[in-house]
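Here are the chains, one letter per residue:
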Amino acid sequence: MWAITPIAQVAVVASIVLRGIFREFKVFAIYLIADILLTGIWWWLGRSPGSPAYREVWVSTQPLLLAFQILVVLDFYRLLYRAYPGIHAFARVLIIAAIGVALVVTFGTVQLDVHRIIWRVPDVQRLFVVKRVVSSLLGVLMFTTMAFFPRAPSARNLVLHGWLLALLFIAAAGGFFGINFGLTTQRMGALFMTIQFCCFVIWAAALRAPYAKATPSAEAIERTDRWNKDLMLFAKWLVRDKPKS
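Residues numbered from 1 in each chain as written. Predicted model: local features only at pLDDT ≥ 70, side-chain atom pairs only at ≥ 80, totals over all residues. Heavy atoms only, no water.

Peer 1: Could you clarify how one ought to interpret the packing of aromatic side chains in this entry?
Peer 2: Aromatic rings in a pair are described by how distant their centres are and how their planes are angled relative to each other. As enumerated under the stated definition, the model contains seven aromatic pairs in all. A ring pair is formed by Phe-28 and Trp-203, whose centres lie 4.7 Å apart and whose planes are at 50°; its orientation type is tilted. Separated by 175 residues along the polypeptide, Phe-28 in helix α2 (residues 26–44) and Trp-203 in helix α7 (residues 185–206) bring together distant segments of the chain. Here Phe-28 matches Trp-203 in class, with each residue buried. Judged by centre distance (5.7 Å) and plane angle (85°), the rings of Trp-58 and Phe-128 are edge-to-face. Here the residue Trp-58 occupies a position in helix α3 (residues 52–83), and Phe-128 occupies one in helix α5 (residues 122–148), the gap between them amounting to 70 residues. Phe-128 carries the same exposure label as Trp-58, and that label is buried. Cluster of aromatic residues (ring-pair linked, three or more members): Phe-28, Phe-200 and Trp-203. Between Arg-116 and the ring centre of Phe-181, over which it is positioned, the NZ or CZ distance is 3.9 Å. (Phe/Tyr/Trp six-rings, centres within 6.5 Å; stacked < 30°, edge-to-face > 60°. Helix = DSSP H or I, 4+ residues; strand = E, 2+ residues; numbered from the N terminus. Buried < 20%, exposed > 50% of the residue type's maximum accessible area, 1.4 Å probe, protein only. Lys NZ or Arg CZ within 6 Å of the ring centre and 35° of its normal.)

Dropping the structure here:
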């Protein structure tokens, strides 16, 4: 799986370029290119995580990939705002709520696996914890957003992109959770990379322009206005002064 996953990533980048959507997904494409190049370097250094050279380069380059993953999620929200004209108030509250859920779930469960770690290779294992935390935050954030965000035909391709990102990050979080918990590293790595490979295959086959270029219909605009008005009324009800007893 480690050998063939970069091939699927190359296919995703190629499909993004050939379909003329590189400008919309440039952050995602650059992240994939960086991951492909780093995988090639790790492969050249000995193909084994047990080799000192591999481990040193892997540890030093993972923060770069983590930064790219955060940028990919931020760029996804940029596209989401553009796909839903006029929904800023609703989206802002939903995203804040999703961040809260991600924080609670991630830091509420982190001790389940971290306290079981036997620190044989501290530099690598500390990075496993960081990747588990970041992947959990991003995965739960994306899942909560996609589960509750209103559906619209104009954004169906973007919705697919969002669900695949959620699955990718949740699978990564689950893999590092299992490794930290004490499960076999090879099995957890193979499981995560299989899910990752499947996500890339779907991206390569199905990723299209993130939003329709046509003007939103009057019905869609009216529905968006109604969501925003209902949300503002609910917010005012939450903060209004309560009668004194």
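Peer 1: When you look at the environment of Leu-164 in this model, what are you seeing that I'm missing?
Peer 2: Inspection of the secondary structure assignment puts Leu-164 in helix α6 (residues 156–181). Given a relative accessible area of 5%, Leu-164 falls into the buried group. C-alpha separation for the pair Leu-164 and Gly-139, spaced 25 residues apart in sequence, amounts to 9.9 Å. Aside from chain neighbours lying at most four places away, what touches Leu-164 is Cys-199, Ile-202 and Trp-203. (Contact = heavy atoms within 4.5 Å.)

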